[in-house]
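Residues per chain are reported as follows:
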Amino acid sequence: MAAEAGWLEPEAAAPEDAAGEVVDAVDGEPGDPHLLLGNRLNLHLYPRGCHRLLHLCAQRAPQLLEVEFLQLSGHEDPRLLEATLAQVPASLQHLRSLVLRGGQQQDVLGACSRGFLTTLPAGLSDLARLAHLDLSFNSLETLPACVPQIRGLSTLLLSYNCLSELPDSLGALPSLSFLSVSHNCLRTLPPALGSLSALQRLDLSENLLDTLPPEIGDLSSLTELNLASNQLQGLPISLVPSGLAHLPLLARLDLRDNQLRDVPPELLDAPFVRLQGNPLGKALPASHSAPETPVTREMPRLFLNSDLDSFLVTPQGCLVTLACGVRLRFPAGATTDPVNIHYRLRLPEPRLVPLGPHDALLSAVLELRPHGVAFQQEVGLWLLFVPPRARRCREVVVRTLSDDSWSDLETHLEEEAPKRLWAHCQVPHFSCFLVVSRPVSNTCLVPPEGTLLCSSGHPGVKVTFPPGATDEPRRIRMQVVHMAGRELRALLEEPGAAASPLLCLSQRGTSSFLQPVTVQLPLPPGVTGLSLDRTCLHLLYWAPPASAWDDITAQVALEITHLYARFRVTHFSWYWLWHTTKSCVQGLARKAWERLRLHQVNLIALQRRRDPEQVLLQCLPRRKVDATLQRLLDRYRGPEPSDTVEMIEGEKFFAAFEKGIDVDADRPDCVEGRICFVFYSHLKNLKEVYVTTALDRRAQAVRGQVSFYRGAVSEEVPEEAAAARQRKGADPLWMATLPIKLPRLRGSQGPEQGRGASLSLAPLNLGDAETGFLTQSNLLNVAGRLGTDWPAVALHLGMPYRELQRIRHEFRDDLDGQIRCMLFSWAERQAGQPGAVGLLVQALEQSDRLDIAEEVRAILELGRQKYKDSIQRASLAPRDLAPPEPSASQSPESAQA
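Everything numeric in this text was worked out from a predicted model, so none of it was measured.

**Student:** It is not clear to me how the sheet that holds strand 35 (residues 564–569) should be interpreted in this structure. Could you clarify?
**Tutor:** Consider a sheet: its strands pair through backbone hydrogen bonds, and that pairing is either parallel or antiparallel. Taken in spatial order, the five strands line up as 26-27-31-35-34 in an open sheet, and their pairing is antiparallel. The outermost strands of the open sheet, each flanked by one partner alone, are strand 26 (451–454) and strand 34 (559–560). As paired strands, strand 34 and strand 35 are joined by two bridges and run antiparallel to one another. The residue of strand 35 that forms the bridge with isoleucine 560 is alanine 565.

The structure is reproduced here in structure tokens:
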């Protein structure tokens, strides 16, 4: 996989001679063959890239006159980088594209770090042919003076810097067609911006703009204007319907996540305008503010996209909205010094998520670092979740990790829409957070004078603490779980079976009370004290981790009234009142207890209509099956869902492919062809996989199956058919088996012709250092799986429909040739362009090929990690990240090792 991903192994780095100089790879001596490819000089991934370029310039290599594309890393030493760039105008006179991006390096948490570039030498203005300049992910606070003097610039990328303003001289670029200044600190725009008559795309998202100059309406060539995630409270006359006539080519206007409260009705209905996230018609944006403190313009607002995983908090405070559906409010004075906050959204798993017997998980796990950091004031946290269907006698709480134990925070719910709720809490420190639905919890502090604790969900449940029960205040918690009588009778097949609400009492500490406390439980439904047969009434007690319920009726004096039963206890755990004619009630209670914790689910295996090898696996609660199948009916088809399966919240299970079918993927959750799942009733339990078979499908269709099993992935998976297993009765491991049918291959061409020898594919690396690379082998793998979805992917990649028609005509009756021609022709045009791999992943997702998109991400992550490890093993890390010098006690040999 590492070789396919195209990442450097230690031995692939450019060698150095005895003097420490880099061997010239341009002259054909042993070196890196990818250093100079045609007219491209790629030095952004190589350590000491500036030294390499200076060495080439000193040798006056004739190949440098052919270089049109140069990439350098922004993480080089600033003075060395400036000295190197000073040599560029004289040595690379035909340069058309200069990329000086940062972001290639990552910190210990995996966040991309900014480059050190703060200025540019004045001599770069002599690059008369320069049309593309990329300074993204650096530390620019002002635009270098030489940039507006490069009159041939058509693309200028300044994203992810620290720019607070743009100079008026920027309007002197007559050929500029694309300007990106997103993720900066811009508060105003210069009026001279309207002089950019050739500007077609302008990206000003993720800044601090609250107003726009009216001159923006002079950009008559503008087709895309992105103003998302700013602080705009109004629009200039040039952006309202009466002024849009001055922008006749405008096809996209993005105004999401601003402070717009009133816009013309024509903009609300315009298909090219995006206004989501604005408080339209509201006095204050409640979703972006804390209830107790109104939003002030002095407090910065940050909107982070999925490319960032860190942000800076200053003593001024800020309001932060993360792409994963999380909001944070840092009040002014929360920190005395700037603090860099890192975040990530982790997938829930049993060892990480602490769920009680009747809890339900409503969100993924949010991790905020640094762990345990203390703030001067409490920080507000809002977590978005989908509310559970059953909310009677249940509550939603935010649970956090503190000192290796989980605790619940005081949580308030804020409703944004019928199916969108925010769980709001105040966090004293940073750690892991998640949203949980649980039975209503009532707590009280029991003083030595005694008190009464009542259940808010079941008024008949009470606990009385007499005076003297404790000699110091003690915190008590009560939870009550209800079980429907009809469900109990159907489960036990006994018409007279009934049970009271299930009571759980817990306390801090293990010491018992000095005096017994009195518990009141309602009698089971249908039972009254006047007609009660006391021989049928049982009081059951269960203390974890015991596996059985104990019948303590004979040990406790039950006081029976018309509606209630009262008894005194000293131990705090679970209590349950039963009415049954069965002689042994412990086994019945255990059966009912397990049913309370189970969810009725169905297992689904659907195949994509246009590509049957793409299989969607899902585990759904029974009530969601019909709606889900109806939604997927136009894209997927397959067998009916499995029979009802009962599963516990957080239970681990896996899907195994049998009868010659296997998973064609290197997935982190796949072990020997078996896909691991963890079931959570309110989260998506969905996997999209690509299956294959070693059998010859040219002659006949292949019928296989996927079986679902409980527990961990085992070494041996049963191979017998589903019908045979059903005849044997219930199996504690096997849950269901669904068929998978791969149709016969169309056409008679053999495997040697499947790849198409008529198309010549040039070696390439698609992507950049920030997003990763895909090699020719990776692209061939993607092409082999697209199938008839390739036109949709091509259109989402931005290819014109006329070119699609040409490819179809050129490769008539050759689907594989069409796919590879489309993909590689697009990739060759994107070579060296930033964000190319991200564009491919986005196009796959928009074409509903999530399976391929997920595997591309896995390849990129594996390649990035392997490249990072290889750099560290070869001691090729930059000087500022190099390991410390060996101590005096270390030998030179050990230091070299």
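**Student:** I keep staring at the pattern of salt bridges and nothing clicks. Help me out?
**Tutor:** A side chain of one charge can pair with a side chain of the opposite charge if their charged atoms are brought near each other. Counted by the stated rule, this structure contains 25 salt bridges. Here arginine 344 ties to glutamate 367 by a salt bridge, and the two come within 2.6 Å at their closest N and O atoms. You can see arginine 344 sitting in strand 16 (residues 339–346) and its partner glutamate 367 sitting in strand 18 (residues 365–369), a full 23 residues away along the chain. By relative accessible area, glutamate 367 is classed as buried at 2%. The partner of glutamate 803 in a salt bridge is arginine 829, with the nearest N and O atoms 3.4 Å apart. Taken together, the positions of glutamate 803 in helix 12 (residues 801–810) and arginine 829 in helix 13 (residues 815–830) put the pair 26 residues apart, joining distant regions of the chain. Using a relative accessible area of 15% as the deciding quantity, one classes glutamate 803 as buried. Classification of arginine 829 by relative accessible area gives partly exposed; the value is 45%.

**Student:** Any chance you could explain helix 2 (residues 49–59) here in plain terms?
**Tutor:** Every α-helix carries 3.6 residues per turn, so stepping three or four residues along brings you back to the same face. When helix 2 is considered as a whole, its buried residues turn out to be Gly49, Cys50, Arg52, Leu53, His55, Leu56 and Cys57. Where helix 2 is buried, its residues meet strand 2 (40–42), strand 3 (69–71) and helix 3 (78–91). Arginine 60 sits one or two residues past helix 2 and shows a positive phi near 55°.

**Student:** Any chance you could explain the packing of aromatic side chains here in plain terms?
**Tutor:** Ring pairs (aromatic) are described by centroid distance and by the angle formed between their planes. Overall, the coordinates contain 18 aromatic pairs when judged by the stated rule. For the pair tryptophan 542 and tryptophan 574, a centre-to-centre distance of 6.1 Å together with 40° between the ring planes defines the contact as tilted. Taken as a pair, tryptophan 542 in strand 32 (residues 537–542) and tryptophan 574 in strand 36 (residues 574–579) lie far apart in primary sequence, 32 residues in all. Take tryptophan 542: its relative accessible area is 10%, and that puts it in the buried class. Here tryptophan 549 and tryptophan 593 contribute two aromatic rings whose centre-to-centre distance is 5.7 Å and whose plane-to-plane angle is 70°, an arrangement assigned as edge-to-face. In this pair, tryptophan 549 is assigned in the loop between strand 32 and strand 33 (550–551) and tryptophan 593 in helix 6 (residues 586–597), connecting sequence segments 44 residues apart. An aromatic cluster is present here, built from Trp542, Trp549, Trp574, Trp576, Trp578 and Trp593 joined pairwise through their rings. When the ring centre of phenylalanine 178 is taken as origin, the NZ or CZ atom of arginine 201, which lies over that ring, is 4.0 Å away.

Calculation notes
- Residues numbered from 1 in each chain as written.
- Predicted model: local features only at pLDDT ≥ 70, side-chain atom pairs only at ≥ 80, totals over all residues.
- Heavy atoms only, no water.
- Pairing = 2+ DSSP bridges.
- Helix = DSSP H or I, 4+ residues; strand = E, 2+ residues; numbered from the N terminus.
- Salt bridge = Lys/Arg side-chain N within 4 Å of Asp/Glu carboxyl O.
- Buried < 20%, exposed > 50% of the residue type's maximum accessible area, 1.4 Å probe, protein only.
- Contact = heavy atoms within 4.5 Å.
- Phe/Tyr/Trp six-rings, centres within 6.5 Å; stacked < 30°, edge-to-face > 60°.
- Lys NZ or Arg CZ within 6 Å of the ring centre and 35° of its normal.

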